[in-house]
Amino acid sequence: ELDWHSDQQANFESQKVIALMSLYGTKMSQTSFLCTAEAYNHLNHEDKSMVDELVSVYKWDGGTMCDDLDPEQKEIIRYNQVPLDGMESPLKDQTASGVEGIKFPSHSFSHFRGMSGQESRAYRNKVWSLINKPEYIYIHDWDDGQIMFMDQAITLHARPTNIQYGNKRTLVRMCTYLDRIFPETGKPKDK
């Protein structure tokens, strides 16, 4: 199993789009997706103001999201999550196409800038209770040969399937910016 996370969560200029292509061994496995856009739109005024202003600060936690990985695999996870301690990203983010939502700080979250660790954990838990609802979650049942594109700014993903040794699924990951796939989207180029 792999808990909820987004790739390069500590990097505000992270890749906004990731693609997964299932190669083999994926039948009977799943990936869950939790999009925070609708939850963000339903926040009360006070919580929306807090989310709009808060900045998440990160510190590598050693790979608690996937304790059973080899040290080399954990280094890949570190690169994809928090390559440098002290990295920051706003709690409010948007997709490459402009949809606003919450860039929820999953693993390696240290605190919100200007808040104590205890206050930060309490507010993070409150935000989690507002976004972790079945109506915001899509569960994809894989079959070999499928390709799934996913946002990394306001969408979390998880692997609820417990892959036993000898029965591993193989997927290929591609990280990119949406404007590299569709040049007419994304940030305008500097002239």
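Below you will find a few notes about this structure. Numbers given for residues are sequential positions, taken from 1 along each chain in its written order. Only residues with pLDDT of at least 70 get local features here, since the model is predicted, and only at 80 or more are side-chain atom pairs given and counted; chain-wide, interface and lining totals rely on the full set of residues. Side-chain calculation: all heavy atoms of the structure are included, whereas hydrogens and water are not.

**Let's talk about the pattern of salt bridges**
- The working definition used for a salt bridge is a side-chain nitrogen of Lys or Arg within 4 Å of a carboxyl oxygen of Asp or Glu. For the coordinates displayed, the defined rule picks out six salt bridges.
- Of the charged contacts in the structure, one is a salt bridge between Asp143 and Lys27, with a shortest N-O distance of 3.7 Å. In this pair, Asp143 is assigned in the loop between strand E9 (137–141) and strand E10 (147–151) and Lys27 in the loop between strand E2 (17–24) and strand E3 (30–35), connecting sequence segments 116 residues apart.
- Burial status follows relative accessibility: with a 1.4 Å probe on protein chains alone, a residue under 20% of its type maximum counts as buried, one over 50% as exposed, and anything between as partly exposed. What makes Lys27 exposed here is its relative accessible area of 56%. Here a strand is any run of E in DSSP of at least two residues, a helix any run of H or I of at least four, and the numbering for each starts at the N terminus.

**Focus: the nonpolar core**
- Throughout this description, the term nonpolar core refers to a set of buried Ala, Val, Leu, Ile, Met, Phe, Trp, Tyr and Cys residues connected via side-chain atoms within 4.5 Å. Residues Val51, Ile102 and Ile131 are the most contacted members of the largest nonpolar core, which totals 18 residues.
- Of all the elements in the fold, those that place two or more residues in this core are helix H1 (37–41), strand E8 (109–112), helix H4 (117–131) and strand E11 (155–159).
- By residue number, the principal contributor to this core is H4, which donates three residues.
- Whether two residues are in contact is decided by their heavy atoms: any pair within 4.5 Å suffices. Beyond its immediate sequence surroundings of up to four residues, Ile102 is in contact with Thr36, Tyr40, Leu43, Val51, Leu91, Val127, Ile131, Ala153 and Ile154.
- Formed by eight residues, the second largest nonpolar core is a distinct cluster that contains Ala10, Met65, Ile77 and Val82.

**What to know about a negative patch on the surface**
- Here, patches come from residues exposed beyond 30% relative accessible area and free of salt bridges, joined within 9 Å for like charges and within 5 Å for nonpolar side chains (Val, Leu, Ile, Met, Phe, Trp, Tyr). Reported accessibility uses the Shrake-Rupley method at a 1.4 Å probe radius. Residues are deemed covered only where the shown protein chains occlude them. We score Asp and Glu as negative and Lys and Arg as positive, and we do not count His or the chain ends. Charge positions come from single atoms, namely NZ of Lys, CZ of Arg, CG of Asp or CD of Glu. A contiguous patch of negative charge on the surface is contributed by Asp67, Asp68, Asp70, Glu72 and Glu75.
- Turning to its location among the elements, Glu72 is positioned in helix H3 (residues 71–81).
- Given a relative accessible area of 58%, Glu72 falls into the exposed group.

**Some points on unusual backbone geometry**
- Here the phi dihedral of Met28 falls at roughly 75°; this positive angle occurs in a residue that is not glycine.
- By the secondary structure assignment, Met28 is in the loop between E2 and E3.
- On the accessibility criterion, Met28 (76% relative accessible area) is exposed.
- Within the chain, Ser108 stands out as a residue other than glycine whose phi angle is a positive 65°.
- Summarising the element assignment, Ser108 is placed in the loop between strand E7 (100–102) and E8.

**Here's the deal with a nonpolar patch on the surface**
- Among the surface-exposed residues, Met21, Leu23, Tyr24, Ile147, Phe149, Val172 and Met174 lie close enough to one another that they form a single nonpolar patch of about 670 Å² accessible area.
- Take the nonpolar patch: its biggest share by element is three residues, from E2.
- By the element assignment, Tyr24 lies in strand E2.
- For Tyr24, a relative accessible area of 51% gives the class exposed.

**Re the packing of aromatic side chains**
- Side-chain rings of Phe, Tyr and Trp (the six-membered ring for Trp) are treated as a pair once their centres are within 6.5 Å; stacked means planes under 30 degrees apart, edge-to-face means over 60, and tilted covers the remaining angles. In this structure the tally under the stated criterion is four aromatic pairs.
- An aromatic cluster of three or more residues is present, and its members are Phe109, Phe112 and Tyr123.
- The ring of Tyr40 has Lys48 lying over it, and the distance from NZ or CZ to the ring centre is 4.7 Å. A ring is scored as having a charge over it whenever the NZ atom of a lysine or the CZ atom of an arginine sits within 6 Å of its centre and within 35 degrees of its normal.

**Re the packing of helix H2 (residues 45–53) against H4**
- Inter-axis angles, ranging from 0 to 180 degrees, are taken between N-to-C directions of lines fitted to C-alpha atoms, where helices are fitted over the stretch in contact. Running from amino to carboxyl end, H2 crosses H4 at an angle of 120°, the nearest separation of the two axes being 12 Å. Between H2 and H4 lies a crossing of left-handed hand. Side by side, H2 and H4 meet where Asp47, Met50 and Val51 of the first sit next to Tyr123, Lys126 and Leu130 of the second.
- In terms of residue class, the contact of H2 with H4 is built from four nonpolar, no polar and two charged. Rotating anticlockwise by less than a right angle from the far helix to the near helix defines a left-handed crossing, while the corresponding clockwise rotation defines a right-handed one. When residue character is reported, Ala, Val, Leu, Ile, Met, Phe, Trp, Tyr, Cys and Pro are called nonpolar, Asp, Glu, Lys and Arg charged, and the others, Gly included, polar.

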